[in-house]
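Commentary on secondary and tertiary structure
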Amino acid sequence: MRNFNFKNPTKIIFGKDQIAKIATEIPKDARVLMLYGGGSIKRNGLYEQVIEALKEHTYFEFGGIPANPEYDILMDALAIVKKEKIDFMLAVGGGSVIDGVKFISAAAVYEGDDPWNILRKYVRTQQGLPFGTVLTLPATGSEMNSGAVITRAETKEKLAMGGPGLFPVFSVLDPQVIHSIPKRQLANGVVDAFTHVMEQYMTYPVGAYLQDRIAEGVMQTLVEIAPRIIADPKDYTAAANFMWSCTMALNGLIQKGVPTDWATHMIGHELTALYGIDHARTLAIIAPSLLRYKLENKKEKLAQYGERIWGITDGSLEERAQAAIDKTVDFFHSLDIKTRLSEYTEDYQQTATFIEDRFTKRSWVTLGERKDITPSDVKEIVEMSY
Ligand code: NZQ
Ligand code: ZN
């Protein structure tokens, strides 16, 4: 196991009917900006619950943060933060709203002249404007991590940012929010969380037995509860386990002391930027090809995963590793998630070359846990996913 530091300051408030607690978590004298997405919270009753909880506070609202949070819209929210002298933000939404609030949190304290540089130059934020979250969609883990991904339509870019000052102060996780989530988004949540675990697990063994078992526990739980929540989002036990699995998949714990990959995410973000494909679906397109392409590097962990998650024990190491990838693809298909780029767009022929050029221009030449995935490898991986 490798050396590591671990600090996660986010307070989690988990369970039924916990939203009212934000009243006591947000400082009494704070000037609060509540931010939300396209309006789902107005249809499912969450908006009323949050407003009721904020009634003793001075608060303002900003709605309309879209899925894949758009830079220009976030800049409008930043203007309100400055004009109204906001000193605490409350994100009510899924990964997009929470990520958007993280960008505003960083931009509010940024001293450079162009906030886009936070993304373009990957500026790490040491202390952002404080914020809490009410999670409405389990998937990204953004509610308990310090990363964000922001989209800019103008340049068709989707870039990551983060820093130790961007953890939420608190996050309310009420599994009952799942009731109103469409099946498509539930399936996305399962696949996103599952892939987060794979990015931090499907590398090579370093004797981190506990991290492996925790990661496998998250994947096993997702496999077990996925059909249940999709059949019945009101199954509270399944919903609670789904929500906590998604948080645990990307709150930093399972990546400690182990190598991590993240190339699937970096390539996947390009597919969202180019075609607007849902984040999780881009991962389902790229992950199988990437695992096949890097089989030699990843075969020990693939075989271990195959045995422990899918019960695969027959065949050589390579055969077991291949069978484990096939099982993963079957799992995505069982959630009605397609795994080929050509199933999402007809305009795919130039995608691999475009991404290869883009990564070359950005000097992203050392992806993957062994830093050996070059832009030309990326091109081949994307072509394999057509
Ligand atoms: O906007 P509204 O109207 O609220 O509708 C949303 C949105 O259309 C809807 N929704 C959310 N909660 C709902 C609901 N509908 C009914 N009932 C509810 N309770 O779901 C749609 C998708 O929401 P979004 O927030 O976009 O989904 P998700 O949580 O999957 O977030 C995706 C974004 O997070 C980024 C992705 O790249 C993408 O931009 N990620 C963030 C990460 C992080 N910060 O750590 C890691 C991830 O890998 C990911 O990259
Ligand atoms: Zn993800």
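Bear in mind the structure is a predicted one, so any value in this text is a computation, not a measurement.

In this section: the side chain of D261. In this fold, D261 is placed in the loop between α9 (236-249) and α10 (263-275). For D261, a relative accessible area of 8% gives the class buried. A polar contact of 2.7 Å, which involves the side chain of D261, links it to the side chain of K298. Apart from the residues lying within four places of it in its own chain, the contact partners of D261 are E199, T203, L290, K298, G368 and E369.

In this section: the domain arrangement of the protein. Examined at the domain level, the protein breaks down into domain 1 (11-176) and domain 2 (183-384). For domain 1 and domain 2, the distance between their C-alpha centres works out to 26 Å. Each side of the interface is counted separately: domain 1 has 24 residues, and domain 2 has 23 residues. The largest contributions to the domain 1 side of the interface with domain 2 come from P138, K156 and K158, which together make up 28% of the buried area. Taken together, domain 1 and domain 2 are joined by one salt bridge. Across the pair E157 and R362 runs a salt bridge whose closest N-O atoms are separated by 3.7 Å. Counting the contacts that link domain 1 with domain 2 gives five residue pairs in polar contact (both at pLDDT 80 or more).

On the surface, M1, F4 and F6 cluster together into a nonpolar patch covering about 320 Å² of accessible area. One can find M1 in the segment before β1 (11-14).

Looking now at the sheet that holds strand β8 (residues 170-173). The strand order across the open sheet built from six strands is β1-β8-β5-β4-β2-β3, with neighbouring strands paired in parallel fashion. The open sheet terminates on both sides in strands that have one partner only, identified here as β1 and β3 (58-62). The average angle at which neighbouring strand axes cross in this sheet is 20°, direction not considered. Bridge count between β1 and β8: four bridges; the pairing is parallel. Note on β8: the bridge partner recorded for I13 is V172. In the packing of α9 onto the sheet, contacts are made with β1, β5 (131-135) and β8, and the angle to β1 comes to roughly 170°.

Attention now goes to the packing of helix α7 (residues 183-201) against α10. With their axes 9 Å apart at the nearest point, α7 and α10 run at an angle of 135° to one another. When the interaxial angle is binned, α7 and α10 end up oblique. Here α7 contributes D192, T195, H196 and E199 to the contact with α10, which in turn contributes A263, T264 and H265. Looking at the contact of α7 with α10, its residues break down into one nonpolar, four polar and two charged.

Now for the pattern of salt bridges. Across all of its chains, the model carries 20 salt bridges by this definition. Across the salt bridge formed by R308 and E216, the nearest N and O atoms sit 3.1 Å from each other. With R308 in helix α12 (residues 295-310) and E216 in helix α8 (residues 209-231), this residue pair connects regions lying 92 residues apart in the sequence. In this structure R308 comes out as partly exposed when scored by relative accessible area, which is 29%. A relative accessible area of 3% places E216 in the buried class. Connected via shared salt-bridge partners are E157, E270, R358 and R362.

In this structure, I22, M89, L90, F103 and Y305 are the most contacted members of the largest nonpolar core, which totals 98 residues. If you tally residues by element for this core, the top one is α7, at nine residues. Each of domain 1 (11-176) and domain 2 (183-384) gives at least three residues to this core. Those residues in contact with Y305, other than ones at most four positions away along the chain, are F194, M198, Y201, M202, M219, W310, A324 and T328. Counting residues in hydrophobic clusters, the runner-up holds 19 residues, among them A263, I267, I286 and L290.

Taken together, the neighbourhood of ligand 1 is formed by 33 residues, with G38, S40, G95, S96 and K158 sitting nearest. Separating an oxygen atom of ligand 1 from a side-chain N or O atom of H265 is a distance of 2.9 Å. Isolated, ligand 1 exposes 960 Å² of accessible area, and the fraction of that covered by the protein chains is 87%. Contributions of two or more residues to the shell around ligand 1 are made by α5 (95-109), β6 (147-152), α7 and α10. Taken together, domain 1 (11-176) and domain 2 (183-384) each give at least three residues to the shell around ligand 1, which thus spans both.

Outside of glycine, negative phi angles account for most residues, and trans bonds account for most peptide bonds. The phi dihedral of K85 is positive, around 50°, even though this residue is not glycine. When you line up the elements, K85 lands in the loop between α4 (71-83) and β4 (88-93). At S363, a residue that is not glycine, the phi angle is positive and equals roughly 60°. One can find S363 in the loop between α14 (351-361) and α15 (375-384).

Here is what the cut-offs are and how they apply
Residues numbered from 1 in each chain as written. Chains lettered and ligands numbered in written order. Predicted model: local features only at pLDDT ≥ 70, side-chain atom pairs only at ≥ 80, totals over all residues. Heavy atoms only, no water. Helix = DSSP H or I, 4+ residues; strand = E, 2+ residues; numbered from the N terminus. Buried < 20%, exposed > 50% of the residue type's maximum accessible area, 1.4 Å probe, protein only. Polar contact = N/O pair within 3.5 Å; in protein donor to acceptor, adjacent residues only side chain to side chain. Contact = heavy atoms within 4.5 Å. Domains from an automatic or database assignment. Buried area = accessible area lost by both parts, 1.4 Å probe. Salt bridge = Lys/Arg side-chain N within 4 Å of Asp/Glu carboxyl O. Patch = residues over 30% accessible without salt bridge, like charges linked within 9 Å, V, L, I, M, F, W, Y side chains within 5 Å. Areas by Shrake-Rupley, 256 points an atom, 1.4 Å probe, with all protein chains shown as cover. Pairing = 2+ DSSP bridges. Axes fitted to C-alpha atoms, helices over the stretch in contact; angles between N-to-C directions. Parallel < 35°, antiparallel > 145°, perpendicular 65-115°, else oblique. Nonpolar A, V, L, I, M, F, W, Y, C, P; charged D, E, K, R; others polar. Core = buried A, V, L, I, M, F, W, Y, C linked by side-chain atoms within 4.5 Å. Near = heavy atom within 4 Å.

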